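Summary of the model geometry
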Amino acid sequence: MIPHSHRSYPTRSPGQVRRFRSRLLGTLAVAGLVGAALVAPAGAAAAADDPPEQIVNGDFSDGSTAPWWWTENNPATVVDGRLCADIPEGTANPWDAIIGQSDLPLIAGESYTLSYTATASVPVTITTNVQMAVDPYTTELSEHDQLTDTAVPISHTFTAKADNDAAQLAFQVGGSSHAFTLCLDDISLRGGAEPPVYTPDTGSPVRVNQVGYLPAGPKDGTFVTDATDPQTWTLNDAAGTAVATGTTEPGGTDPTSGQNVQTFDFSSYTTAGDGYTVTIGDQTSEPFTIAADVYAALRTDSLAYYYDQRSGIAIDGSIAGAAYARPAGHLNVAPNTGDNDVPCQPGVCDYTLDAAGGWYDAGDQGKYVVNGGISVAELMNAYERTLTAQGAGGAALGDGRLKVPEHGNGVPDILDEARWELNFLMEMQVPDGQPLAGMAHHKLHDEAWTGLPQAPDKDSQPRLLHPPSTAATLNLAAAGAQCARLFRPYDTAFADRCLTASQKAWTAAEAHPAVYADPNDATGGGAYSDSNVTDEFYWAAAELFITTGDDTYRQAVLASPLHGHSDAVFPHDGFSWGSTAALGALDLATVPNKLTGDQLATVRAMVTDAADGYAQESQDTLYGLPYAPSGDHYVWGSNSQVLNNAVVLGVAGDLTGEAKYRDAVVHALDYILGRNPLNQSYVTGFGERNSHNQHSRIWAHQLNADLPNPPAGTLAGGPDNQLEDPTAQSKLTGCAPAMCYIDDIESYSTNESAINWNAPLAWVASYVDDLGSNGGDDGGSKGACQVTYTSYRWSGGFTTQVTLKNTGTAAVSPWELAWSFADNQKITDRWQAEITQSGQNVSAKPAAWNASVAPGASVMFGFNGTSTGQVGNPTTFTMNGAACETVT
Ligand code: 9MR
């Protein structure tokens, strides 16, 4: 299933209104190329001649509280379509407890009518102000309204005395000697002029990848122009000297933006340097770099996001950067109530779980097994690729290389990061002896939504386990199986624990194949509901089969209704948390396993068929992106769909070596980093015009200047033309699909970050960094052959894949590869080569069809066997008697 488009993912607004006054209007109402019409967003249905509505989300009809805010002592939630809050007793002043809305434009001399309904559980008098949002808080309206437990419409009319582009409505409800529950509804402020139309500032019409290009890679851009005839482009170096020139190619109207565009290609220029720009006419692009290592920082920083999202551990400023240091969150230290002794929602279970650790999902601090699974799998895939793909560099992901605290433990850092989440996934498994034992709880999160900002260690909401689901259980089965094979060389006990959890989960899922999460269970956290788990079954079966070779799992793969159907396994709009079969297929296609040659060919054909489609889209679309969603429907998190398509393309590139796939991966990254209709780099800290106000309770700089922006390497969700939050509704109505995005902390449906979105960014950044720097290859002299030997071990056995590359200048035919085992490994079955073993000496010879290896080409073969104890890989290989270089 493709991601759902629930409209019930509410969030919270800032508590400290005076300090956190938003500066939105000042920064956003900037002239640009494409505008968006704005409609009156709130309140009762408007008659045609009603004065304009200034309030956003005054009727709380979609369950969201944004952009309302409140003071910390009276958090508000939507209850039965009204905004309700418990107001404490004993505060001194009316303004000691407030619910309000900011950014209301007022025009001097215009008449305004404020209306609303309210109830209070004990009779109170509140102060209702429309006022300046900053000192001296001069009021335009200040009334005392009496509330009882019966909702009565209240209305006040006033004439604004001064212009104010960002006034505030403040219901001051403090100063009561009794605690009470306040509920507000149908809040409307009509009058003045239509609120300013939000027009995105799209900057230069010359659109490039604002980070840069690989010297040997494709270098493409897009030019927004009314011109329909070719234009001359000029590439300038940092000194402004023209170094290359050429002609644009008219492309016509881009349907995703409505822009008339032309494309340009400067791939033939390959000299490294910083500060390049492209000029067309009198328009100049943002600057960019050309360098082999231009993506090295993106690889590292996109992965650093996970350390910053860790729950249950203090974030160390010396690793994350001083601004990101924070105490551990959700460890049962007051005011936290979790996560190491978490009860279930009422009626769900009568035990508690220690589910501390893991990553916070996104801008919220929920932890979801569905979504945790795909996220950790894609991180593990970024690593596992380095074991199987030519030119993929494990070094950059290795011990001591990433921003994690586990340096020096001998384990690749990317696996250390994955382990933080894998532990959490296993903690969510229903214990033995309990109903549904072996299944995984779907999720754990706050009972009610918290406001923004919200430091994790200060979250006082009760944390609750939600019911187990089949989807979550299969996420655990799949990720656990992958964990088992990847951790085997480093920590057998952990690998065993992963495999046990995985197999137990698989058995439980088979016993309970249709237990679905409630799509309406979205208070305090997202639903992540998924009522089609065929894809999760496929993914889990594939991972378990790769790791164990067990025929049960092979049969489950082969019997799946998805198997062999590229369109079903790789949805046109991209795989996702709700559509995970692709993860299984990608691993079956690349990781050594016991599928027969025909079966393997079927899987690889699914990958290349899907990749052919995405590559074609990349060639056809005028911004080069391999994502052309049905009906131009850009979904919530569309950037991750673009990147997941790039992952499929990347694997196809690994399997075939074909440039069209690799180029499309690069083009996907070009789109993410600025070659797009908004001229927006969607990654914090990368590119001149980067997203940096992503929806986050931790990095809420836009709301509180004392807090940081998201860390470098944080991906924004990206355009979503369903307009699924009040800010998007108020600012983006009428937007073209690829332009339905705003870098505003309140726009959670276009501008959140999430663990399942940064994961394909990290995968793709690693891939493209490998393309540039050849996986950390030092470029030193090589023999005529190179051997990549990858072995997965478990107690008693192993699976090995060998890639033999001809690094010489002549074809080799036939080849014979020889080596010696250091111990008592015994080969029992093999594929894609004839292998004979005599004692410790092994010889591999080709079948007829793979006897010839062209210069630069590779052959792959593999085998399974038995062994006792831990064994070391052979390190010395000879091809036809001559020594090969060994890649470890
Ligand atoms: O990524 C999810 C997207 O596919 C859904 O349409 C959306 C609404 O249900 O939810 C997204 O996931 C959010 C989750 O529910 C809660 N944490 C933040 C996630 C990203 O916005």
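Parameters at a glance
Residues numbered from 1 in each chain as written. Predicted model: local features only at pLDDT ≥ 70, side-chain atom pairs only at ≥ 80, totals over all residues. Heavy atoms only, no water. Helix = DSSP H or I, 4+ residues; strand = E, 2+ residues; numbered from the N terminus. Rg over C-alpha atoms; globule rule 2.2 N^0.38 Å. Buried < 20%, exposed > 50% of the residue type's maximum accessible area, 1.4 Å probe, protein only. Contact = heavy atoms within 4.5 Å. Areas by Shrake-Rupley, 256 points an atom, 1.4 Å probe, with all protein chains shown as cover. Domains from an automatic or database assignment. UniProt positions renumbered as here; feature names shortened; annotations may be inferred. Polar contact = N/O pair within 3.5 Å; in protein donor to acceptor, adjacent residues only side chain to side chain. Pairing = 2+ DSSP bridges. Expected span 1.5 Å × (residues − 1).

Further remarks concern the overall build of the protein. For the protein, the count of helices and strands is 17 helices and 37 strands. Over its C-alpha trace the protein gives a radius of gyration of 29 Å, about what one expects of a compact globule, namely 29 Å for 888 residues. By its C-alpha atoms, the protein is 95 × 75 × 50 Å across when sized along the principal axes. Burial statistics for the protein: of 888 residues in total, 60% are counted as buried. Residue pairs at least 24 apart in sequence account for 73% of intrachain contacts in the protein once pairs closer than 6 positions are excluded. Summed over its atoms, the accessible surface of the protein is roughly 29900 Å², and 51% of this surface lies on carbon and sulfur atoms.

Split by domain assignment, the protein resolves into domain 1 (4-15 + 295-771), domain 2 (31-191), domain 3 (206-290) and domain 4 (785-887). Centre-to-centre, using C-alpha coordinates, domain 1 lies 38 Å away from domain 2.

In the UniProt entry, the feature "active site" (unreviewed entry) is given for Asp743 and Glu752. The exposure class assigned to aspartate 743 is buried, which follows from its relative accessible area of 15%. What aspartate 743 contacts, discounting residues up to four positions off in sequence, is Gln680, Asn690, Ser691, His692, Asn693, Gln694, Gln702 and Asn751. At a separation of 2.9 Å, a polar atom in the side chain of aspartate 743 contacts the main-chain amide nitrogen of asparagine 693. Looking at glutamate 752, its side chain comes within polar contact range of the main-chain nitrogen of glycine 363, at 2.8 Å.

As defined by bridge partners, strand S23 (residues 367-368) adjoins strand S25 (residues 443-446) across two bridges and the pair is classed as antiparallel. Its bridge partner lying in S25, tyrosine 368 is registered against lysine 443. Relative to strand S26 (residues 463-465), S25 runs antiparallel, the two being bridged by three bridges. Bridged to histidine 445 within S26 is leucine 464.

The terminal C-alpha atoms of helix H12 (residues 597-620) lie 34 Å apart, and with 24 residues this matches the ideal 34 Å at 1.5 Å per residue to within 8%. Looking at the buried residues of H12, the elements they touch are helix H8 (534-548), helix H9 (551-559), helix H10 (566-569), helix H11 (581-590), helix H13 (638-656) and helix H14 (659-672).

As a general point, the strands of a sheet are linked pairwise by backbone hydrogen bonds and lie either parallel or antiparallel. Judged by pairing direction, the sheet is antiparallel, and its four strands sit side by side in the order S11-S13-S17-S16 without closing on themselves. This sheet does not close on itself; its edge strands, each paired only once, are strand S11 (206-207) and strand S16 (249-253). Examined bridge by bridge, S16 and strand S17 (residues 260-265) share four bridges and lie antiparallel to one another. Among the inter-strand pairings, glycine 252 is bridged to a residue of S17, identified as valine 261.

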